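Given next are the chains, with one letter for each unit.
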Amino acid sequence: EDQVTQSPEALRLQEGESSSLNCSYTVSGLRGLFWYRQDPGKGPEFLFTLYSAGEEKEKERLKATLTKKESFLHITAPKPEDSATYLCAVQGGSNYKLTFGKGTLLTVNP
Amino acid sequence: GAVVSQHPSWVICKSGTSVKIECRSLDFQATTMFWYRQFPKQSLMLMATSNEGSKATYEQGVEKDKFLINHASLTLSTLTVTSAHPEDSSFYICSTGQRDNEQFFGPGTRLTVL
C-alpha cells in the first residue's frame, strides 16, 4: 500500500525566512510525485509533478526536489501570501490514483 | 491545466435526505474523474474513480449504495449521498486528469448534515 508522510505538520516562518517541507513516501512503482497548495475551504491547486530521482522544478519562490525516498519543497524568502497547506501525493501502479499526505500548514508572518 | 467546477459549493441538509453534488470539467473531455473526501485536518481520501459510460470503481470501505456516482458524459460526473447522516458531513472534492498523470481539482463542496 502506498504511503505518504509529511513533516512538519505545521510551520511558522517570518517573512523572508527560507525553509523546507518534507514528504517521505513508499510506493510500488512511482509514476509521479505531486505537490499541491490548498487554501482553507478550497480545492488543491497543482504546483509540481516530479517523475524521477534527481529531478527538480521551480516556480517563483518554490522549488521541489525528489529522491528515491523523499521529496522536499523549498520555500525561499516566503511572503504572507504563501501561507497555505501544502500537500504531497504519490501515484503508483497502473492507474491514476493519488495517495495524499496530511499536509504541512505553513504560516508566514509579516 | 484543466478547469473543474463543482456545484453546490456548500449544502446543509437534514439527516435521512439525499444530496447530489455535480462536478464539471469545463475545458477538457474527462473520461475519468475522481471523488475525494477530506475531514478537518486530514488528508484527501479517494472515494471512487468515475468512468464515463461505465460503473464507478469504489475504494475499500466506501459504500457504493450510499455514495452513488454517475458519469454520463465527458464533462459531468455526479455524486449522490443517499440517506445522509451527520457522519457524512465532510468536504467533497472531485478531480480530473490531463496530460501525463496530473490531476486538477474542483473547488470542493462542503456538506453539513444536521
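Novice: Give a detailed account of the overall build of chain B, specifying residues and quantitative values.
Specialist: Scanning chain B for helices and strands turns up zero helices and eleven strands. Counting from the amino terminus, chain B carries its helices and strands in the arrangement β-β-β-β-β-β-β-β-β-β-β. Relative to the compact-globule value of 13 Å for 114 residues, chain B shows a C-alpha radius of gyration of 13 Å, a close match. In terms of its C-alpha atoms, chain B occupies a principal-axis envelope of roughly 40 × 30 × 25 Å. The buried share of chain B, reckoned over its 114 residues, is 52%. Split by element, the accessible area of chain B, about 5,600 Å² in all, is 52% carbon and sulfur.

Novice: Just give me the short version of the interface of chain A and chain B, but keep the residues and values in it.
Specialist: The partner chain B presents 18 residues to the 19 residues of chain A that form the contact. Buried area between chain A and chain B, both sides added, is near 1,600 Å², and the carbon and sulfur share of it is 56%. Per-residue buried area on chain A facing chain B is highest for Tyr96(A), Phe100(A) and Lys102(A); these three make up 30% of the total on that side. Taken together, the connections running from chain A to chain B amount to one salt bridge. Counting the contacts that link chain A with chain B gives four residue pairs in polar contact (both at pLDDT 80 or more).

Novice: Could you give me a rundown of the sheet that holds strand β7 (residues 67–73) of chain B, with the residues and numbers involved?
Specialist: Residues and elements named next belong to chain B. Read from one edge of the open sheet, four strands run β1-β3-β8-β7, paired in antiparallel fashion. Each edge of the open sheet carries a strand with a single partner, namely β1 (4–7) and β7. Across the sheet, the axes of successive neighbouring strands diverge by a mean angle of 15°, strand direction being ignored. Sheet analysis places strand β3 (residues 19–25) next to strand β8 (residues 76–81), joined by six bridges and oriented antiparallel. Within β8, the residue paired with Glu 22 across the bridge is Thr 78.

Novice: Could you give an account of the environment of Leu76(B), naming the residues involved and the relevant values?
Specialist: All names here are of chain B. By the element assignment, Leu 76 lies in strand β8. Along the backbone, Leu 76 and Thr 49 are 27 residues apart, and their C-alpha atoms lie at a distance of 13 Å. Filtering out sequence-adjacent residues up to four positions away, Leu 76 remains in contact with Glu 22, Cys 23, Arg 24, Met 33, Asn 70 and His 71.

Novice: Quick one: what's the story with the sheet that holds strand β6 (residues 56–59) of chain A, residue by residue and with numbers?
Specialist: All names here are of chain A. Spatially, the five strands line up as an open sheet ordered β1-β3-β8-β7-β6, and their pairing is antiparallel. The sheet is open, and its two borders are formed by β1 (3–7) and β6, each paired with just one other strand. Put simply, the sheet's adjacent strands are angled 15° from each other on average, direction ignored. Sheet analysis places strand β3 (residues 19–26) next to strand β8 (residues 70–75), joined by six bridges and oriented antiparallel. Looking at β8, one finds that Asn 22 is bridged to Phe 72.

Novice: Could you give an account of the pairing of strand β9 (residues 84–92) of chain A, with specific residues and numbers?
Specialist: Walk down a regular strand and you will see the side chains alternate between the two sheet faces. Residue and element names in this part refer to chain A. Counted residue by residue, β9 has nine buried out of nine residues, so it is predominantly covered. Side chains Ala 84, Tyr 86, Cys 88, Val 90 and Gly 92 of β9 all project onto a buried face; the interleaved residues Thr 85, Leu 87, Ala 89 and Gln 91 project onto the opposite face, where all are buried too. Relative to β9, strand β4 (residues 30–38) runs antiparallel, the two being bridged by eight bridges. When the sheet's bridge partners are listed, Tyr 36 is paired in β9 with Leu 87. Strand direction decides the pairing type here: β9 and strand β11 (residues 104–109), joined by three bridges, are antiparallel. When the sheet's bridge partners are listed, Thr 85 is paired in β11 with Leu 105. As defined by bridge partners, β9 adjoins strand β10 (residues 98–100) across three bridges and the pair is classed as antiparallel. Paired with Gln 91 across the bridge in β10 is Leu 98.

Novice: Before we move on, could you go through the pattern of salt bridges and cite the residues and values that matter?
Specialist: Two side chains that carry opposite charge are able to pair once their charged atoms sit near each other. Under the counting rule described, the total for this entry stands at seven salt bridges over all chains. With a shortest N-O distance of 2.8 Å, Asp82(A) and Arg61(A) are connected by a salt bridge. With Asp82(A) in the loop between β8 and β9 and Arg61(A) in the loop between β6 and β7 (62–66), this pair connects stretches of sequence that are 21 residues apart. A salt bridge links Lys97(A) to Glu59(B); the nearest nitrogen and oxygen atoms lie 2.8 Å apart. Residue Lys97(A) is located in the loop between β9 and β10, and its partner Glu59(B) is located in the loop between β6 (57–58) and β7; the two belong to separate chains. For Lys97(A), a relative accessible area of 31% puts it in the partly exposed group.

About the cut-offs
Residues numbered from 1 in each chain as written. Chains lettered and ligands numbered in written order. Predicted model: local features only at pLDDT ≥ 70, side-chain atom pairs only at ≥ 80, totals over all residues. Heavy atoms only, no water. Helix = DSSP H or I, 4+ residues; strand = E, 2+ residues; numbered from the N terminus. Rg over C-alpha atoms; globule rule 2.2 N^0.38 Å. Buried < 20%, exposed > 50% of the residue type's maximum accessible area, 1.4 Å probe, protein only. Areas by Shrake-Rupley, 256 points an atom, 1.4 Å probe, with all protein chains shown as cover. Contact = heavy atoms within 4.5 Å. Buried area = accessible area lost by both parts, 1.4 Å probe. Salt bridge = Lys/Arg side-chain N within 4 Å of Asp/Glu carboxyl O. Polar contact = N/O pair within 3.5 Å; in protein donor to acceptor, adjacent residues only side chain to side chain. Pairing = 2+ DSSP bridges. Axes fitted to C-alpha atoms, helices over the stretch in contact; angles between N-to-C directions.

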